[in-house]
Structures are given as structure tokens and as C-alpha cells.
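Now for the letters of each chain:
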Amino acid sequence: MRVRFRGKGYGAMAMREGIRIAREQYGAETLRIEAQCHAIGFYERFGFRVDSAEFLEDGIPHVEMVASLVP
């Protein structure tokens, strides 16, 4: 991603919209993602929690994260 787009909230907007679509259009109750470890805090803001040990994908540390979409 180009630096000029960082810090403008585009990632958060995309996450909120993706979660909304998963809920409303697909009836998702749970989401599971693979997140780069440096971005764990970003995903935690949207209710995701770490749900695996760290693993490498393409040489980059990742974890699985899960979020419940039901209150």
C-alpha cells in the first residue's frame, strides 16, 4: 500500500463495510481471518481475538483471529 493512503481511515471503512455485508447479506455469525501479527491491534478494534499460535505465511508472521457477529 502506498504511504499516502495510510492514516486516512480507509482500512477501517473497508472492515466495517465487509463486516456489515457478511452480517446482512450472508447471515454470518462468526468471521475468521488470518492476520499479519503487526496488524493484530487493528483487527482487535473490530472485535477480533487471536485464536491460534503464530505461523509463517510467505515468511511473514500471522495468526488466525475470530470475531463473533452476534450480540
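Structure shown above.
To start, this report covers the structure provided alongside it. Keep in mind it's a predicted model, so treat the numbers as computed, not measured.

Calculation notes
In every chain, residue numbers begin from 1 and rise along the written sequence. Totals for whole chains, interfaces and linings use every residue, but because this is a predicted model, local features are given only for residues with pLDDT of at least 70 and side-chain atom pairs only at 80 or more, for both listing and counting. Only hydrogens and water are removed before side-chain values are computed, so all heavy atoms of the structure are retained for them. The definition of a nonpolar core used throughout is a set of buried Ala, Val, Leu, Ile, Met, Phe, Trp, Tyr and Cys residues joined through side-chain atoms within 4.5 Å. Per-residue accessibility, obtained with a 1.4 Å probe over protein chains only, is compared with the maximum for each type, and a residue is labelled buried under 20%, exposed over 50%, and partly exposed between these values. We call two residues in contact whenever any of their non-hydrogen atoms come within 4.5 Å of each other. Definition used for salt bridges: Asp or Glu carboxyl oxygen within 4 Å of a side-chain nitrogen of Lys or Arg. Counting from the N terminus, the helices are the DSSP runs of H or I reaching at least four residues and the strands are the DSSP runs of E reaching at least two. We define a polar contact as two N or O atoms separated by no more than 3.5 Å, with the added condition that, inside protein, one atom must be a possible hydrogen donor and the other a possible acceptor, whereas residues neighbouring each other in sequence contribute only through side-chain atom pairs. What a helix should span is 1.5 Å times the count of its residues minus one. Throughout, the arc means that of the directions going from the helix axis to the C-beta atoms. Each patch is built from residues that are more than 30% exposed by relative accessible area and take part in no salt bridge. Like charges join if they lie within 9 Å; nonpolar side chains (Val, Leu, Ile, Met, Phe, Trp, Tyr) join within 5 Å. Working definition of accessibility: Shrake-Rupley area with a 1.4 Å probe, residue cover restricted to the visible protein chains.

### Details of the nonpolar core
Ranked by internal contacts, the top residues of the largest apolar core, which has 16 residues, are Ile-19, Leu-31, Tyr-43, Phe-48 and Met-65. Dropping the residues within four chain positions of it, Phe-48 is found in contact with Met-15, Ile-19, Leu-31, Ile-33, Tyr-43, Met-65, Val-66 and Ala-67.

### Section: the pattern of salt bridges
Pairing between side chains of opposite charge can happen when the charged atoms of each approach one another. According to the stated counting rule, one finds five salt bridges in the structure shown. Asp-51 is the salt-bridge partner of Arg-32, the closest N and O atoms lying 2.8 Å from each other. A residue pair is termed long-range when its members are at least 10 positions apart, and Arg-32 in strand 1 (residues 30-36) and Asp-51 in the loop between strand 2 (49-50) and strand 3 (55-57) qualify at 19 residues. Look at Asp-51 and you get partly exposed, because its relative accessible area is 34%. Here the residues in one salt-bridge network are Arg-32, Arg-49, Asp-51 and Glu-64, joined through shared partners.

### Focus: the environment of Leu-56
Mapped onto the elements, Leu-56 comes out in strand 3. Here the alpha-carbon distance between Leu-56 and His-38, two residues 18 residues apart in the chain, equals 13 Å.

### A closer look at the side chain of His-62
For His-62, the position within the fold is in strand 4 (residues 60-68). With a relative accessible area of 7%, His-62 lands in the buried category. Within polar-contact distance, the side chain of His-62 engages the backbone oxygen of Ile-60 at 2.7 Å. Beyond its immediate stretch of four places on either side in the chain, His-62 contacts Glu-34, Ala-35, Gln-36, Cys-37, Ala-53, Glu-54, Phe-55 and Glu-57.

### Quick notes on helix 1 (residues 10-24)
A rise of 1.5 Å per residue sets the reference length of helix 1, with its 15 residues, at 21 Å; its end C-alpha atoms lie 21 Å apart and thus fit the reference within 8%. Those residues of helix 1 not exposed but buried are Ala-12, Met-15, Ile-19 and Ala-22. Along the axis of helix 1, the buried residues cluster in a sector spanning 95°; they form a single face. On its buried face, helix 1 is in contact with strand 1 and helix 2 (40-44).

### Here's the deal with a nonpolar patch on the surface
A cluster of nonpolar side chains, namely Phe-5, Tyr-10 and Met-13, defines an oily patch on the protein surface of about 300 Å² accessible area. Inspection of the secondary structure assignment puts Tyr-10 in helix 1.

### Details of the environment of Glu-24
Mapping Glu-24 onto the fold places it in helix 1. Within the structure, Glu-24 has its side chain in polar contact with the side chain of Arg-20 (distance 2.6 Å).

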